[in-house]
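# Summary of structural features
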Amino acid sequence: MFRQIFVPHLAKPRVILHAVKRTIMTTQELATDMVEGCKIDEKQDQVVTPWDVQATDEKGVDYEKLIKQFGSQKITTELLDRFEKVTGQQPHHFLRRGIVFSHRDFDQLLTLKEQGKPFYLYTGRGPSASSLHLGHCVPFMFTKWLQEVFDVPLVIQMTDDEKALWKDLSLEDANKLAHENIKDIIAFGFNPEKTFIFCDLEYIPSCKEFYWNMNRIQKCINYNQAQKCFGFSGDSYIGKISFPAIQAAPSFSTSFPHIFGDKKVHCLIPCAIDQDPYFRITRDVAPRLKQNKPVLLHSTFLPALQGAQTKMSSSDSMSNVEMSDTPKKIKTKINKHAFSGGKGSIEEHRKLGGDTSVDVPYHYLRFFEPDDDRLAEIKRDYESGALLSGEIKKILIDHLQAYVKEFQERRANVTPELLDKFLSRHPMDI
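Conventions used here
Residues numbered from 1 in each chain as written. Predicted model: local features only at pLDDT ≥ 70, side-chain atom pairs only at ≥ 80, totals over all residues. Heavy atoms only, no water. Core = buried A, V, L, I, M, F, W, Y, C linked by side-chain atoms within 4.5 Å. Buried < 20%, exposed > 50% of the residue type's maximum accessible area, 1.4 Å probe, protein only. Helix = DSSP H or I, 4+ residues; strand = E, 2+ residues; numbered from the N terminus. Contact = heavy atoms within 4.5 Å. Phe/Tyr/Trp six-rings, centres within 6.5 Å; stacked < 30°, edge-to-face > 60°. Lys NZ or Arg CZ within 6 Å of the ring centre and 35° of its normal. Pairing = 2+ DSSP bridges. 1 Å grid on protein atoms, 1.4 Å probe; cavity = no way out; pocket = protein on both sides within 12 Å on 5 of 7 lines; lining within 4 Å. Points joined across faces, edges and corners; volume = space filled by probe spheres on them. Nonpolar A, V, L, I, M, F, W, Y, C, P; charged D, E, K, R; others polar. Axes fitted to C-alpha atoms, helices over the stretch in contact; angles between N-to-C directions. Parallel < 35°, antiparallel > 145°, perpendicular 65-115°, else oblique. Left-handed = near helix turned anticlockwise from the far one by under 90°. Salt bridge = Lys/Arg side-chain N within 4 Å of Asp/Glu carboxyl O.

Let us now look at the nonpolar core. Grouped burial of nonpolar side chains is what soluble globular proteins tend to show. Ranked by internal contacts, the top residues of the largest apolar core, which has 70 residues, are Phe106 and Phe150. No other element matches helix H6 (residues 134-150), which puts ten residues into this core. In this view, phenylalanine 106 contacts Leu79, Phe83, Phe150, Leu268, Val295 and Leu297; residues no more than four positions away in its chain are not counted. Counting 37 residues, the second largest nonpolar core, distinct from the first, contains Tyr120, Ile221, Val285 and Ala286.

Structure (structure tokens):
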């Protein structure tokens, strides 16, 4: 189809012919386009995006492949040795065991630490359920430890606006879930003097600096770039297409004038590897905006109870252990649903041993048993056949029941006054 356009500002009127190609897509084609780059086929044995994690191998995601695919850097023994030298602290067991396995410029952040220059932490949560599950605990456990080691400010973004776009939630319901999740987050024990938690639906309308940074980022990213990075399609809501700028904005310290004023302070983001696309694109635009590139530490996924091919999810209560679960429910979920690497009979297991590479209870103990010697003992006994599948499940059940019970007790002590403290825009020592 052709149409004539009159351009009045030119010296002489011209007729510009625009050829507009109109493509009519079937429903099936739309669906295919929507998941392009996010599906598993013969050539793609794993998918890792902010909205979907799948692997065909029963051992789960190949993280070495992700490092190459995403262009990040592997955390090496040399980097951990330097961390210990700079901080005087033994690396967290997540770092020692390769649970936090990849980074972007963490070596440069250690240089900032050596030079006595300030930086801050940024992490977040998308509130899609009233309770966190064990998988959500991983970044918050690690972030709390980083805050203690570095003694720096922390901002935590609650993306209630995102969940209203992606889930069947009203703005009001998403915001309500955010406030319930904030109580869970506070229960991890963050320093209230150095932590600011905010909901997008509340903070952005009231902070010009944050909103202006969002717009600056939006102006640097065209649709083709967003589509390539996130897999958006023609039927994606425009709110989804613009959302990456909202998650990117906290990477810039000028989005928080009550903490940093107009100072451009470096940012460290601990997150699961599926969130990397947001910050890859942030790092691309940062120099154009004369901002610092955020530094990242990537963690692996806590697998679903049914196996390592996908991560634990709020949308399937049988795939997870929720932080609101009772001891009885935890026991039932582990015994009934946790995928075992054990053999089909006791005799065969005693002879051949269990396979820890696929055993979900062992995977969970890698996250929640901090004692390296104890974990090594469990691994050795299970692989030799001395420890049966039911016995390793019992060890995990005891760990999780105690961990969740202590968490629930801390959450019960979150008062309205403490909640207000974390939500208030209070100054911090940077």
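Having seen it, we continue.
Now for the packing of aromatic side chains. Going through the model one piece at a time under the given rule, you end up with 28 aromatic pairs. Centre to centre, the rings of tyrosine 120 and phenylalanine 260 are 4.7 Å apart; their planes meet at 45°, and the pair counts as tilted. Here phenylalanine 260 lies in helix H13 (residues 257-260) and tyrosine 120 lies in strand E7 (residues 119-125), a separation of 140 residues in the sequence. Across the pair, phenylalanine 260 and tyrosine 120 agree in class, each one buried. For the ring pair tyrosine 122 and phenylalanine 279, a centre distance of 5.9 Å and an interplane angle of 90° mean the geometry is edge-to-face. Note that tyrosine 122 is positioned in strand E7 and phenylalanine 279 in helix H14 (residues 276-285), a separation of 157 residues in sequence. By relative accessible area, which is 2% here, tyrosine 122 ends up buried. An aromatic cluster of at least three residues, connected via ring pairs, comprises Phe83, Phe94, Phe106, Phe119, Phe142, Trp145, Phe150 and Phe367. One cation-aromatic arrangement involves lysine 208 over tryptophan 212; the distance from NZ or CZ to the ring centre is 4.8 Å. Sitting over the ring of phenylalanine 70, arginine 280 keeps its end group 4.4 Å from the ring centre.

A word on the sheet that holds strand E10 (residues 266-272). Spatially, E5-E6-E11-E10-E7-E8-E9 is the arrangement adopted by the seven strands of the open sheet, whose pairing is mixed. Looking at strand neighbours, the two that pair on one side only are strand E5 (73-74) and strand E9 (195-199), the edges of this open sheet. As defined by bridge partners, strand E8 (residues 154-158) adjoins E9 across five bridges and the pair is classed as parallel. Bridge pairing links isoleucine 156 to isoleucine 197 in E9.

Of note, the phi angle at aspartate 151 is positive, near 55°, even though the residue is not glycine. By the element assignment, aspartate 151 lies in the loop between H6 and E8. The backbone of lysine 290 sits at a positive phi, close to 55°, despite the residue not being glycine. Mapped onto the elements, lysine 290 comes out in the loop between H14 and strand E11 (295-299). Among the residues examined, lysine 290 registers a relative accessible area of 67% and is labelled exposed.

Estimates place the volume of the largest pocket at around 1000 Å³. If you list the elements that add at least two residues to the lining of the largest pocket, you get strand E4 (52-55), E7, H6, helix H7 (160-166), E10, H14 and strand E13 (307-311). In terms of residues, the lining of the largest pocket owes the most to one element, H6, which gives five residues. Each residue belonging to the lining of the largest pocket can be placed in one class, and the counts come to 18 nonpolar, 18 polar and eight charged.

With that out of the way, let us pick up the packing of helix H18 (residues 372-384) against helix H19 (residues 389-412). In the contact formed by H18 and H19, the axes pass within 10 Å of each other and the chain directions differ by 160°. In terms of their interaxial angle, H18 and H19 are classed as roughly antiparallel. The chirality of how H18 crosses H19 is left-handed. Contact residues: H18 offers Arg374, Ile378 and Tyr382, while H19 offers Ser389, Ile392 and Ile395. Of the residues assigned to the contact of H18 with H19, the class counts are four nonpolar, one polar and one charged.

Time to look at the pattern of salt bridges. With the rule as written, the count across this model stands at 20 salt bridges. Residues aspartate 276 and arginine 104 are paired through a salt bridge, measuring 2.8 Å at the closest nitrogen-oxygen approach. Remark: arginine 104 occurs in strand E6 (residues 100-104) and aspartate 276 occurs in helix H14; sequence separation between them is 172 residues. Taking the relative accessible area as the measure of exposure, arginine 104 reaches 7% and is therefore buried. Here lysine 183 ties to glutamate 180 by a salt bridge, and the two come within 3.4 Å at their closest N and O atoms. Taken together, the residues span about one helical turn, with lysine 183 and glutamate 180 both in helix H8 (residues 171-186) at a distance of three residues. Linked through salt bridges whose partners overlap, the residues forming this network are Glu180, Lys183, Asp184 and Arg411.

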